Amino acid sequence: MGGALPLPRPLTPARVWWLAARPATLAASVAPVLAGTAVAAHDQSTRLLPALAALLVAIAMQVGVNYANDYSDFIRGADTPRRVGPVRAAASGLVPPAQVRLAALAAFAVAAVVGLGLSLLIDWRLIAVGALAVAAGWLYTGGPRPYGYLGLGEVFVFLFFGLVATVGTTYVQEQRLVPASALVGCSLGFLACAILVLNNLRDIETDAAAGKRTLAVKLGRAGSRRLLLLLFGAGLVMPIVAVQAHAAPRLAALPLIVVPQLLGIHRLSASTAPGELVRALKRTAEIELWFALLFTAGMVL
């Protein structure tokens, strides 16, 4: 006799909050800080407290964006019973939407306060960068004309969850701009964009119906898969450029080990089954973290 299937875990407010934070995407905030610190370590300029502060800012920004997206999509009607994927707090019925908005603002406030302290300690010019990041995080799906609804979400993700996060992490430890940090920041930005493309590919029908014109909606499924392949390729090229430009040691090309996994994810993206696309998204987030870990190993060995 076969055993009974395990029952799904009941949804409680605490579990809804956790799922709405989208823990699978948090790798996109940890990876740039890890890679940026690896560059500083290679230059023997590691400073633990600024690195930890950068990590806190990055995670708070990611959670803030996730909650803000949760709230705005619900208010604008993009989250409907047809939507699949991780549980949304505002749409769950267990958490008042006003509380989700407040949680998003609280997360942005944590990022702003920690970032302000770090800026005053390191370089006051970083205040402008931090203010721009927080504003961009809220306006992604909030405000009168959210640019995430206009197909520009990937630009925000590339800049702030790739380039700025990585370069900024190195800068607060070395207090200078380092080419290797910019190059690996581009890699991580491309991979973070791939996560967003897969997310929007999963939601392509419901987003289109709600008038949310993401890049996936504009490109269609075939075009989105071509973009995904381009993002993977661009992410893998950057470590090679860093090595060839003598901006990083040869072992910094270790992330190329993930090529077979990325090709597997691209094959998986051909599915129209939401569950398969969710799996592809989670695997891409994991690969981004592994990419950063392999780059770190190459820089410090």
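Everything here concerns the structure above.
Caption draft 1: Structural context of the layout of surface pockets. Taken as a whole, the largest pocket holds about 670 Å³ of empty space. Lining of the largest pocket is provided by 31 residues; of these, Val 57, Leu 126, Val 129, Gly 130 and Val 164 occupy positions nearest its centre. With 10 residues, the top contributor of residues to the lining of the largest pocket is helix H7 (residues 153-174). Along the lines of polarity and charge, the residues of the lining of the largest pocket split into 24 nonpolar, 5 polar and 2 charged. When its volume is computed, the second largest pocket comes out at roughly 490 Å³. Every residue lining the second largest pocket is counted, 24 residues in all, and those nearest its centre are Arg 22, Thr 25, Asn 66, Ile 195 and Leu 281. If you list the elements that add at least two residues to the lining of the second largest pocket, you get helix H3 (48-75), H7, helix H8 (179-202) and helix H12 (274-300). The class makeup of the residues in the lining of the second largest pocket is 15 nonpolar, 6 polar and 3 charged.

Caption draft 2: The nonpolar core, seen in detail. Counting 73 residues, the largest nonpolar core has Phe 156, Leu 262 and Phe 295 as the members making the most contacts within it. With 14 residues, the single largest contributor to this core is H8. In this structure, Leu 262 is in contact with Leu 191, Phe 232, Leu 236 and Ile 287, ignoring residues within four places of it in sequence. Counting residues in each nonpolar core, the second largest holds 5 residues, with Ala 53, Ile 122, Tyr 171 and Val 172 among its members.

Caption draft 3: Highlighting unusual backbone geometry. We note that Gln 44 has phi near 55°; this positive angle belongs to a residue other than glycine. With respect to the secondary-structure elements, Gln 44 resides in the loop between helix H2 (27-42) and H3. Using a relative accessible area of 76% as the deciding quantity, one classes Gln 44 as exposed. The phi dihedral of Gln 175 is positive, around 60°, even though this residue is not glycine. Examined against the element boundaries, Gln 175 turns out to sit in the loop between H7 and H8.

Analysis parameters
- Residues numbered from 1 in each chain as written.
- Predicted model: local features only at pLDDT ≥ 70, side-chain atom pairs only at ≥ 80, totals over all residues.
- Heavy atoms only, no water.
- 1 Å grid on protein atoms, 1.4 Å probe; cavity = no way out; pocket = protein on both sides within 12 Å on 5 of 7 lines; lining within 4 Å.
- Points joined across faces, edges and corners; volume = space filled by probe spheres on them.
- Helix = DSSP H or I, 4+ residues; strand = E, 2+ residues; numbered from the N terminus.
- Nonpolar A, V, L, I, M, F, W, Y, C, P; charged D, E, K, R; others polar.
- Core = buried A, V, L, I, M, F, W, Y, C linked by side-chain atoms within 4.5 Å.
- Buried < 20%, exposed > 50% of the residue type's maximum accessible area, 1.4 Å probe, protein only.
- Contact = heavy atoms within 4.5 Å.

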